Amino acid sequence: MTDNLFTGIEHVTIAAKDPKGLARWYCGTFGFEIAYESAKSLTTYVRLGESLVEIIEAANVERLPHGERDPGLRHVAISVTDIHQAYESIRTKGVAFKSEPKEKEGVSTAFLEDPEHNLLHLIQRSKPL
């Protein structure tokens, strides 16, 4: 029986050249808070609401370009209550967006990259899925 065995996604992991710097960026840009810092490595968990992002040290290799439809994880979506206020708040921190807020069928989105070039997606839904 599998009812209620699985309760959600506990965390996603980002491998970063500067894990501590990226953790600070998520905290300063979106209001994440440090949930855990390893005493033995650069691993840091940041939390926003119930969501966790684990940030680990990346291998010393060149990052390959990742196209929009290439296999694998494409982006991390961060839900917002007001897409325009969120966009302006982040923009005033010097973050460049890949797109301005757009609305289609009750879903507003805007795309940006973090300092390690991971694609992020702000999203505001008029109705939950």
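Residues numbered from 1 in each chain as written. Predicted model: local features only at pLDDT ≥ 70, side-chain atom pairs only at ≥ 80, totals over all residues. Heavy atoms only, no water.

Enquirer: Hey, could you run me through the overall build of the protein chain in this one?
Expert: If you tally the helices and strands in the protein chain, you get two helices and eight strands. The order of α-helices and β-strands along the protein chain, N terminus first, is β-α-β-β-β-β-α-β-β-β. Principal-axis analysis of the C-alpha atoms places the extent of the protein chain at approximately 50 × 45 × 30 Å. Looking at the protein chain as a whole, 33% of its 129 residues are labelled buried. Considering only contacts in the protein chain between residues 6 or more positions apart, those separated by 24 or more positions represent 46%. (Helix = DSSP H or I, 4+ residues; strand = E, 2+ residues; numbered from the N terminus. Buried < 20%, exposed > 50% of the residue type's maximum accessible area, 1.4 Å probe, protein only. Contact = heavy atoms within 4.5 Å.)

Enquirer: Explain the nonpolar core here, please?
Expert: The biggest cluster of nonpolar side chains holds 23 residues, and the ones touching the most others in it are Trp25, Tyr26, Phe30, Ile55, Leu112 and Leu122. Where this core is concerned, the elements lending two or more residues are strand S1 (11-16), helix H1 (19-30), strand S4 (51-57), helix H2 (83-91), strand S7 (107-113) and strand S8 (119-125). Leaving out residues up to four positions away in the same chain, Leu112 has contacts with Trp25, Phe30, Ile90, Val95, Ala96, Phe97, Lys98, Asn118, Leu119, Leu120 and Leu122. (Core = buried A, V, L, I, M, F, W, Y, C linked by side-chain atoms within 4.5 Å.)

Enquirer: Looking at this structure, how should I read the sheet that holds S4?
Expert: Across a sheet, strands are paired by hydrogen bonds formed along the backbone, either parallel or antiparallel in direction. Spatially, the four strands line up as an open sheet ordered S1-S4-S3-S2, and their pairing is mixed. Each edge of the open sheet carries a strand with a single partner, namely S1 and strand S2 (33-37). Adjacent strand axes in the sheet meet at a mean angle of 25°, parallel and antiparallel pairs treated alike. Where S2 meets strand S3 (residues 44-48), four bridges bridge the pair, whose relative direction is antiparallel. Counted as the bridge partner of Ile34 is Val46 from S3. (Pairing = 2+ DSSP bridges. Axes fitted to C-alpha atoms, helices over the stretch in contact; angles between N-to-C directions.)

Enquirer: Before we go on, may I ask you to explain the sheet that holds strand S6 (residues 102-104) in this structure?
Expert: The sheet built from four strands is open, its strands ordered S5-S8-S7-S6 with mixed pairing. Since the sheet does not close on itself, it has two edges, and those belong to strand S5 (76-79) and S6, each with one partner. Across the sheet, the mean angle separating the axes of adjacent strands is 30° when strand polarity is ignored. In the packing of H1 onto the sheet, the strands contacted are S5, S7 and S8, and the crossing angle to S8 comes to about 25°. This element, H2, spans S7 and S8 of the sheet and lies at about 150° to S8.

Enquirer: Even after reading the chapter, I still don't get H1, so can you show me in this structure?
Expert: Along its 12 residues, H1 runs 16 Å from first to last C-alpha, staying within 8% of the 16 Å computed at 1.5 Å per residue. What H1 keeps buried is the set Pro19, Gly21, Leu22, Ala23, Trp25, Tyr26, Thr29 and Phe30. (Expected span 1.5 Å × (residues − 1).)

Enquirer: Explanation requested: unusual backbone geometry in the structure shown.
Expert: A negative phi angle is the norm for most residues apart from glycine, just as the trans form is the norm for most peptide bonds. For Glu105, which is not glycine, the phi torsion reads 55° and is therefore positive. Note on placement: Glu105 falls in the loop between S6 and S7. Residue classification places Glu105 among the exposed positions, given a relative accessible area of 74%. Of note, His117 is a non-glycine position whose phi angle comes to about 70°, a positive value. As for its position among the elements, His117 is in the loop between S7 and S8. When its relative accessible area of 52% is taken as the criterion, His117 is described as exposed.

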